[in-house]
Amino acid sequence: MPSPLIDHWMLDPSVVFLNHGSFGACPRAVLEAQAEWRARMERQPVQFLWRDLPDLIDNAREKLADFLKAEADDLVFVANATAGVNAVVRSLRLSPGDELLTTDHDYNACRNVLAEAASRAGAKVVVAKVPFPLRDETQIIEAILAAVTPRTRLAMIDHITSPTALVFPVAKIVRALEAHGIDTLVDGAHAPGAVPLHLGLLRPAYYTGNLHKWVCAPKGAAFLWARPDRQDALRPAIVSHGENTRRPGRTPFHDRFDWPGTLDPTAWLSVPAAIQWGASLFPGGWEELRDRNRHLASSARALLAGRLNQTLPCPNELLASMATLLLPAALQQLPFDPGRFDPVQMRLHTEHSVEVPVVRWGEPKRRYVRFSAQAYNCTEDYRALGEAIIRLSNGQHPG
Ligand SMILES: Cc1ncc(COP(=O)(O)O)c(C=O)c1O
């Protein structure tokens with residue numbers, strides 16, 4: 001029996017959808033709000049994009065600032081977290097020998113941004129190895145601090161890691177790095193809507209987050225937060241009019257980011273609708289939605305670990321609404337063709353109608369399954385995943 005809440009989404013009921021984490025899934029109500037913005041834009045494109053948009057963005061930004069517990073002045077919309085990371089890293093003035101610190105749980109696209117900026121400046125990327133499986137958060141903090149040197153200029157730290165679904169203790173990491181004089185860029189691609197955020201308290205140098213994932217906004221909605229003392233040096237990934245065109249009453253930071261050339265801004269404008277929709281789903285609002293998803297991810301992990309005979313790679317306290325487990329030995333043997341989709345992920349989808357990412361991670365690389373828990377998921381979905389994995393691994397080694 002699928003969850004009745006699935007009717008809020010447009011998801012295909014014939015697919016067991018356990019990958020909210022990659023691209024989210026936008027609820028019908030939020031898509032309707034976006035459609036209204038679009039209709040308004042197309043009725044009078046110039047009025048909308050030229051004259052109305054600045055105030056509309058300000059209004060959406062205020063609502064987002066409330067949700068993130070931040071000041072709207074410190075916040076801009078971007079298209080996605082990749083754009084946020086690009087803006088920060090490519091705005092740095094690096095010198096030869098400088099170091100950009102990341103971890104081996106980071107996201108490939110963002111590592112590429114570090115590598116590109118480093119190679120242009122003769123700087124280098126240093127990768128802290130965070131153990132996985134792991135016992136507790138102190139191992140994460142220790143691994144990161146062990147990789148710090150006097151040349152470390154910036155640390156890019158994931159709030160929730162993509163390949164391993166760990167919630168990093170970002171507040172402790174930011175403070176510990178600050179004590180060494182090091183700026184942190186928090187890559188919070190998965191965090192808004194999955195964990196409570198208080199950016200005004202966290203106050204790293206920079207924080208970028210996606211809204212299309214766990215806030216359930218339309219695709220194209222993400223943000224970049226920057227501490228006031230870092231805003232002047234920041235340039236968006238796309239330089240546009242705002243570089244030399246000041247608008248009265250707005251900061252240069254907003255001027256530079258609010259107009260990245262002509263694009264459909266309705267995803268940004270629909271963020272308040274998404275925040276409001278998430279708040280209305282359960283009586284306890286966002287807190288209840290986050291807690292339910294976190295508990296579902298933990299209980300699903302326990303169920304699957306039992307069925308697949310795997311040990312838990314981290315304590316429940318380090319999980320939000322996703323979790324990972326090592327796949328059985330038989331599925332580790334399948335060859336991997338770089339540049340193609342993982343064959344286990346493909347077969348889970350094509351043969352068993354289960355949409356779930358299979359990640360190859362670690363040294364040597366091993367296959368993990370990363371499953372998400374959103375309000376539309378239920379225990380039956382994880383049973384289906386468990387049975388599909390067992391059938392695939394049995395097929396791999398028949399008899
Ligand atoms: C940790 C992390 N950073 C950045 C990104 C990039 O997000 P986007 O493709 O929306 O830019 C992702 C995507 O899932 C991610 O997991």
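You'll find the structure just up there.
Below: a short report on this structure.

Parameters at a glance
Residues numbered from 1 in each chain as written. Predicted model: local features only at pLDDT ≥ 70, side-chain atom pairs only at ≥ 80, totals over all residues. Heavy atoms only, no water. Helix = DSSP H or I, 4+ residues; strand = E, 2+ residues; numbered from the N terminus. Buried < 20%, exposed > 50% of the residue type's maximum accessible area, 1.4 Å probe, protein only. Lys, Arg positive; Asp, Glu negative; His and termini not counted. Salt bridge = Lys/Arg side-chain N within 4 Å of Asp/Glu carboxyl O. Polar contact = N/O pair within 3.5 Å; in protein donor to acceptor, adjacent residues only side chain to side chain. Contact = heavy atoms within 4.5 Å. Pairing = 2+ DSSP bridges. Axes fitted to C-alpha atoms, helices over the stretch in contact; angles between N-to-C directions. Near = heavy atom within 4 Å. Areas by Shrake-Rupley, 256 points an atom, 1.4 Å probe, with all protein chains shown as cover. Nonpolar A, V, L, I, M, F, W, Y, C, P; charged D, E, K, R; others polar. Core = buried A, V, L, I, M, F, W, Y, C linked by side-chain atoms within 4.5 Å.

**Quick word on the side chain of Lys213**
Topologically, Lys213 is positioned in the loop between strand S7 (206-210) and strand S8 (222-226). For the buried Lys213, no salt bridge is present, and the opposite-charge side chain at shortest range is Asp187, 8.3 Å distant. A polar atom in the side chain of Lys213 sits 2.8 Å from the backbone oxygen of Gly21. Discounting residues that sit within four places of it in the chain, Lys213 has contacts with His20, Gly21, Ser22, Gly24, Ala189 and His190.

**Some remarks on the sheet that holds strand S12 (residues 366-372)**
Strand order in the open sheet formed by three strands is S9-S12-S11, and the pairing between neighbours is antiparallel. At either margin of the open sheet sits one strand with a lone partner, and together these are strand S9 (322-326) and strand S11 (358-361). Recorded for the sheet is a direction-independent mean angle of 35° between the axes of neighbouring strands. The strands touched by helix H13 (residues 285-308) are S9 and S12; relative to S9, the strand with the most contacts, the crossing angle is about 15°.

**Section: the site of the ligand**
Lining the immediate surroundings of the ligand are 13 residues, of which Thr82, Asp187, His190, Asn210 and Lys213 lie closest. For the ligand, an oxygen atom lies 2.5 Å from a polar atom in the side chain of Thr82. The separation between an oxygen atom of the ligand and a polar side-chain atom of Asn210 is 3.0 Å. Relative to its unbound accessible surface of 390 Å², the ligand loses 90% to contact with the protein. By residue class, the composition of the shell around the ligand is four nonpolar, six polar and three charged.

**What about the environment of Ser3?**
By secondary structure assignment, the location of Ser3 is in the segment before strand S1 (16-17). Taking the C-alpha atoms as reference points, Ser3 and Asn377, 374 residues apart in sequence, are found 6.2 Å from one another. With sequence-adjacent residues up to four places away left out, Ser3 is seen in contact with Ala375, Tyr376, Asn377 and Cys378. Polar side-chain contacts of Ser3 include one of 3.5 Å to the backbone oxygen of Ala375.

**Notes on the pairing of S7**
Across the five residues of S7, five count as buried, placing the element largely inside the fold. Residues Tyr206, Thr208 and Asn210 of S7 are buried on one face, and the alternating residues Tyr207 and Gly209, pointing to the opposite face, are buried as well. With four bridges joining them, strand S6 (residues 183-188) and S7 adopt parallel strand pairing. When the sheet's bridge partners are listed, Gly188 is paired in S7 with Gly209. With five bridges connecting them, S7 and S8 associate as antiparallel partners. When the sheet's bridge partners are listed, Tyr207 is paired in S8 with Trp225.

**Section: the nonpolar core**
Membership of the largest hydrophobic core comes to 111 residues, with the highest contact counts inside it found for Phe371 and Leu385. Top contributing element to this core by residue count: helix H3 (residues 45-68), with ten residues. Residues contacting Phe371, with those up to four places away along its chain left out, are Leu18, Ala297, Ala300, Arg301, Leu304, Ser321, Met322, Ala323, Leu325, Val356, Tyr382 and Leu385. In this structure, Val113, Ala205, Ala226 and Leu234 belong to the second largest nonpolar core, which totals 27 residues.

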